[in-house]
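Here's the letter readout for the chains.
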Amino acid sequence: MDDGQRPRARVRPGGPAPLLLQTVHEHRPELGALSVLKARGTVDASNAGEFSEALAEHIAEADRAGEHPVLDMTELYLACAAAVRAVDRATGILAFAGRALPVVQPRPHVREALRAAGLPGVRAHATMASALGSLQKPLEAARRAGPRPGGPAW
């Protein structure tokens, strides 16, 4: 039966669900451009490096395009410590800059793993609305940063 919902990622008898990544670009009048990386499946030791690279590239591409990066983990399982380290590696640049990646609806075991790891570049949110509410408009962020050297107020 097709109820319009995406199917849930499951661990199959033949092994873990394959890792699937999809980027969706949106524009919200109140926030500007968004880049949402939807991750589905299982991150384990065999694909943690691939996931880390894809997430880091997603963040870098969003920054270059002036978009807010968001990670949707609604249908993602982190199967081991290497998976948590993959998230940490990918979000390290954000943490260094004092920013955090909004992560949407991590499953309870994933949310607990992220919380226990204390990743400074990650902020888990129960809903997409909550994640988007944590973001600032680009103009608002620029105002909070203060005047730029050589700018009109300098």
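This structure is a prediction, so every number in the text was calculated from the model and none was measured. Numbers given to residues run from 1 along each chain, matching the order in which its sequence is written. Since the coordinates come from a predicted model, pLDDT governs what is reported: local features require at least 70, and pairs of side-chain atoms require 80 or more to be given and counted, while whole-chain, interface and lining totals use all residues. In computing side-chain properties, one takes all heavy atoms of the structure into account and sets aside hydrogens as well as water.

### Quick look at the pairing of strand S2 (residues 32-43)
Thought 1: Within S2, nine of the 12 residues are buried, which leaves the element mostly enclosed by the surrounding structure.
Thought 2: By the bridge criterion, nine bridges tie strand S1 (residues 20-28) to S2 in an arrangement that is antiparallel. Among the inter-strand pairings, arginine 28 is bridged to a residue of S2, identified as glycine 32.
Thought 3: Once S1 ends, the chain turns through three residues before running back antiparallel as S2.
Thought 4: Of the strand pairs in this sheet, S2 and strand S3 (residues 68-78) are connected by nine bridges, and their pairing is parallel. Its bridge partner lying in S3, arginine 40 is registered against glutamate 75. A 1.4 Å probe rolled over the protein chains alone gives each residue an accessible area, and that area as a share of the maximum for its type sets the label: buried under 20%, exposed over 50%, partly exposed in between. Strands are runs of DSSP state E lasting at least 2 residues, helices are runs of H or I lasting at least 4, and numbering of each runs from the N terminus. Two strands are counted as paired when DSSP detects at least two bridges linking them.

### Observations regarding the sheet that holds S3
Thought 1: Read from one edge of the open sheet, five strands run S1-S2-S3-S4-S5, paired in mixed fashion. Every other strand in the sheet has two partners, leaving S1 and strand S5 (122-125) as the edge strands with one partner each. Across the sheet, the mean angle from the axis of one strand to that of its neighbour is 25°, orientation sign disregarded.
Thought 2: For this analysis, residues touch if any pair of their heavy atoms sits within 4.5 Å. Every axis in this analysis is a line fitted to C-alpha atoms, fitted for helices over the stretch in contact. Angles between the N-to-C directions lie between 0 and 180 degrees. Where helix H1 (residues 48-65) meets the sheet, its contacts fall on S1, S2, S3 and strand S4 (101-104), and the angle it forms with S2 comes to roughly 175°.

### Describing helix H2 (residues 81-96)
Residues lying three or four places apart along an α-helix face the same way, a consequence of the helix completing one turn every 3.6 residues.
Thought 1: Residue count minus one, scaled by 1.5 Å, sets the expected span of a helix. The end-to-end C-alpha separation of H2 is 22 Å, in line with the 22 Å expected for 16 residues at 1.5 Å each.
Thought 2: The sharpest bend along H2 comes to roughly 45°, located at alanine 90.
Thought 3: Considered for burial, the residues of H2 that qualify are Ala82, Ala83, Val84, Ala86, Val87, Ala90, Thr91 and Leu94.
Thought 4: Of the surrounding elements, those touching the buried residues of H2 are S2, H1, S3, S4, helix H3 (108-117) and S5.
Thought 5: Two residues or fewer after H2 comes glycine 98, characterised by a positive phi angle close to 75°. Bend is the name given here to the angle between axes fitted to two runs of seven residues, the run ending at a residue and the run starting at it.

### Description of the environment of aspartate 88
Thought 1: By the secondary structure assignment, aspartate 88 is in helix H2.
Thought 2: Relative accessible area serves as the criterion here: at 33%, aspartate 88 is assigned to the partly exposed category.
Thought 3: Note: C-alpha distance between aspartate 88 and proline 120 (32 residues apart in sequence) is 8.2 Å.
Thought 4: When residues no more than four places from it in sequence are discounted, the contact partners of aspartate 88 are Leu119 and Pro120.

### Examining the pattern of salt bridges
Thought 1: We define a salt bridge as a contact between a side-chain nitrogen of Lys or Arg and a carboxyl oxygen of Asp or Glu at a distance within 4 Å. With the rule as written, the count across this model stands at six salt bridges.
Thought 2: In this structure, glutamate 75 and arginine 40 form a salt bridge, with 3.2 Å as the shortest nitrogen-oxygen distance. One end of the pair, glutamate 75, is in strand S3; the other, arginine 40, is in strand S2, and 35 residues separate them in sequence.
Thought 3: Residue arginine 64 pairs with glutamate 61 through a salt bridge whose shortest N-O separation is 2.5 Å. Of this pair, arginine 64 and glutamate 61 both sit in helix H1, three residues apart, which is roughly one turn of the helix.
Thought 4: The class of arginine 64 is exposed, set by a relative accessible area of 56%.
Thought 5: What makes glutamate 61 partly exposed here is its relative accessible area of 40%.
Thought 6: Taken together, the shared-partner salt bridges connect Glu57, Glu61 and Arg64 into one network.

### Section: the side chain of histidine 58
Thought 1: Its place among the elements puts histidine 58 in helix H1.
Thought 2: Each residue touching histidine 58, except ones within four places of it in the same chain, is listed here: Thr23, Ser35, Val36, Leu37, Pro69 and Val70.

Distances and angles like these do not, on their own, reveal function.
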